[in-house]
Amino acid sequence: MAVAAGYLVLGVGHVMDDWFALHRAEFFGAWSAAGDEQWAARPGAGLAYALVFGALDGGVVPVTVGLGLIRGASAVLLRRVLEPVVGSPLATSTAVLWVLLPTTTSLEAWASAANISLALLLAVGAIHLAVRGAGRRSWIVVTVLAAAAVLSYEAVVVLVVPAGASLLLWKLARPGAAAGLVVGGAVGFGWVLEHWHPQKDVAPTWSDPFLVIPSNLGWGAVPRPLGSLLIALTLGVTLAVLAASRFGWQELTAARRPLLVGWALLFLGVMPFLRYTYAPLGAGDRANVVSSLGGSLLLAG
């Protein structure tokens, strides 16, 4: 909540898409805030917009506080999800860094990105339940949460589906619950494709996927003079650990998994945005919604 308070002190307000949603909510009602096409493609976003721009009237204070609460809950769940994979100290430091680093400011302070914050919370919640859930029918809830996450913002499909496959591979969850992540994510993404938003045009050219490195490990995380050094350090440590583990250094072999998971999340997260940019601002740092998790894990490591 301290981060949310900082945004309020700095004078955060409405920008870009906020005004369209506020207009629709004012003149056509809360349920119209997202627009018909958004409702069809992303029903979760329709619900989020109805709350943010309808019930809350787009109020800067309640919306920013709400986004802060969502981020805090996501961080807690992120720590619990990572703990069995990378250990408690690294899971905790990753969650703390993810909250503090300025790599996803749109998710923290932009009302129109409320559905993206919600999608990430639902996705991490589904993964958490798959890992920790003890109930025999927890797979049902996992499937519903995974589908709801993707139906709020389709880019999180690159988190829930690979997570389900990885949990099956590493045997960290019940097979049914892990499969629920894959099935729920696939069903949600299938719906989005079938009801694709007509204004979300695919760009004619590909973006540079390697920009995800400086945006999460360099100038997107720290001031530019330090950014290059941080990137070099992260790459150097990664190569050193991978090389050393090949020669049987047990101490460094244990560090291999978090590094591989971090790099995988970093590049998986950027995949949905390689043909999904538009002038003049591009995708913005909403493109880091999943990549920021990997970046924080790498920096914490």
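For the structure given in this document, a descriptive report is provided here. Note that the structure is a prediction, hence the values are computed from the model and not measured.

## Remarks on the overall build of the protein chain
Next up, step 1: A count of helical and extended segments in the protein chain gives 16 helices and zero strands.
Next up, step 2: Computed over its C-alpha atoms, the radius of gyration of the protein chain comes to 19 Å, within 12% of the 19 Å expected for a compact globule of 301 residues.
Next up, step 3: Over its C-alpha atoms, taken along the principal directions, the protein chain stretches across nearly 65 × 50 × 40 Å.
Next up, step 4: Counting across all 301 residues of the protein chain, residues that qualify as buried make up 48%.
Next up, step 5: Long-range pairs, those at least 24 residues apart, make up 74% of the contacts in the protein chain between residues at least 6 apart in sequence.
Next up, step 6: Accessible area for the protein chain stands at about 14,300 Å²; split by element, carbon and sulfur atoms hold 70% of it.

## Concerning the packing of helix 9 (residues 138–152) against helix 11 (residues 175–194)
Next up, step 1: Remark: helix 9 packs on helix 11, axes separated minimally by 7 Å, with the N-to-C direction vectors making an angle of 30°. Overall, the two elements helix 9 and helix 11 adopt an arrangement that is roughly parallel. Read as a crossing pair, helix 9 and helix 11 show a hand that is right-handed. Each of S138, W139, V142, T143, A146, A147, V150 and L151 in helix 9 lies in contact with helix 11, whose residues at this interface are G176, A177, G180, L181, V183, G184, G185, G188, F189, W191 and V192.

## Let's talk about the environment of L67
Next up, step 1: Structurally, the position occupied by L67 is in helix 5 (residues 60–86).
Next up, step 2: In this structure L67 comes out as buried when scored by relative accessible area, which is 3%.
Next up, step 3: C-alpha separation for the pair L67 and E108, spaced 41 residues apart in sequence, amounts to 5.7 Å.
Next up, step 4: Not counting residues up to four positions away in its chain, the partners in contact with L67 are L107, E108, A109, W110, A114 and S117.

## Overview of the pattern of salt bridges
Next up, step 1: This structure, assessed with the given rule, holds four salt bridges.
Next up, step 2: Between E154 and R42 there is a salt bridge; the shortest N-O distance is 2.8 Å. Note that E154 is positioned in the loop between helix 9 and helix 10 (157–170) and R42 in the loop between helix 3 (36–41) and helix 4 (43–55), a separation of 112 residues in sequence.
Next up, step 3: It is possible to trace a salt-bridge network through shared partners that takes in R79, E83 and R132.

## A closer look at helix 8 (residues 114–132)
Next up, step 1: Over its 19 residues, helix 8 extends 26 Å from the first C-alpha to the last, a length consistent with the 27 Å expected when each residue adds 1.5 Å.
Next up, step 2: With 16 of its 19 residues buried, helix 8 lies for the most part within the structure.

## Some words on the packing of aromatic side chains
Next up, step 1: All chains considered together, the criterion is met by five aromatic pairs.
Next up, step 2: Between the aromatic rings of Y49 and F53, the centroid separation amounts to 5.2 Å while the plane-to-plane angle is 65°, which identifies the pairing as edge-to-face. Linking Y49 with F53, this pair stays in helix 4, spanning four residues, or about one helical turn.
Next up, step 3: On the accessibility criterion, F53 (1% relative accessible area) is buried.

## Some details on the side chain of S152
Next up, step 1: Here S152 is to be found in helix 9.
Next up, step 2: At 2.9 Å, the side chain of S152 and the backbone oxygen of A148 are in polar contact.
Next up, step 3: Aside from chain neighbours lying at most four places away, what touches S152 is R42, G44, A45, N115, L118, A119 and L122.

## Points about the nonpolar core
Next up, step 1: L120, I127, Y153, L159, L167, L181 and V289 are the most contacted members of the largest nonpolar core, which totals 51 residues.
Next up, step 2: Elements with a contribution of two residues or more to this core: helix 5, helix 6 (88–100), helix 8, helix 9, helix 10, helix 11, helix 15 (256–270) and helix 16 (291–300).
Next up, step 3: In contact with L120, not counting residues within four places along its chain, are W98, L107, V156, L159, V289 and L293.
Next up, step 4: In this structure, A25, A34, A48 and F53 belong to the second largest nonpolar core, which totals 13 residues.

## Observations regarding a nonpolar patch on the surface
Next up, step 1: Nonpolar side chains collect at one region of the surface, where W139, I140, V141 and V144 lie side by side and expose about 360 Å² of accessible area between them.
Next up, step 2: Mapped onto the elements of the fold, V144 is located in helix 9.
Next up, step 3: A relative accessible area of 52% means that V144 is categorised as exposed.

Conventions adopted
Every chain is numbered independently, its residues counted from 1 as its sequence is written. Side-chain atom pairs in this predicted model are given and counted only at pLDDT of 80 or more, local residue features only at pLDDT of at least 70, and totals for whole chains, interfaces and linings cover all residues. With hydrogens and water set aside, each side-chain value is computed from the structure's full complement of heavy atoms. Put simply, DSSP H or I for four residues or longer makes a helix, DSSP E for two residues or longer makes a strand, and each gets a number counted from the N terminus. Two things to know: the radius of gyration comes from C-alpha atoms, and the globule rule equals 2.2 Å times the number of residues to the power 0.38. Accessibility here uses a 1.4 Å probe with only protein chains present; expressed as a share of the type maximum, an area under 20% marks a residue as buried, one over 50% as exposed, and anything in between as partly exposed. Every residue pair with non-hydrogen atoms within 4.5 Å of one another is taken to be in contact. Only the protein chains shown count as cover for residues, with accessible areas throughout obtained via the Shrake-Rupley method and a probe of 1.4 Å. Note on geometry: axes are lines fitted to C-alpha atoms, helical ones only across the stretch in contact, with angles between N-to-C directions running from 0 to 180 degrees. Working definition: roughly parallel below 35 degrees, roughly antiparallel above 145 degrees, roughly perpendicular at 65 to 115 degrees, and oblique for all remaining angles. Take the far helix as the reference: if the near one is turned anticlockwise from it by less than a right angle, the crossing is left-handed, and if turned clockwise, right-handed. What makes a salt bridge here is a side-chain nitrogen of Lys or Arg within 4 Å of a carboxyl oxygen of Asp or Glu, nothing more. By this rule the span expected of a helix is its residue count minus one, scaled by 1.5 Å. Pairing of aromatic rings covers Phe, Tyr and Trp, the last counted by its six-membered ring, and requires centre-to-centre distances within 6.5 Å; plane angles under 30 degrees mean stacked, over 60 mean edge-to-face, and any other angle means tilted. Polar contact criterion, stated in full: a pair of N or O atoms within 3.5 Å, where within protein one must be able to donate a hydrogen and the other to accept it, and residues adjacent in sequence count only if both atoms are side-chain atoms. Note on terminology: a nonpolar core comprises buried Ala, Val, Leu, Ile, Met, Phe, Trp, Tyr and Cys residues joined through side-chain atoms within 4.5 Å. A patch consists of residues whose relative accessible area exceeds 30% and which take part in no salt bridge; residues with like charges are grouped when within 9 Å of each other, and nonpolar side chains (Val, Leu, Ile, Met, Phe, Trp, Tyr) when within 5 Å.

So yeah, pure geometry; function would need other evidence.
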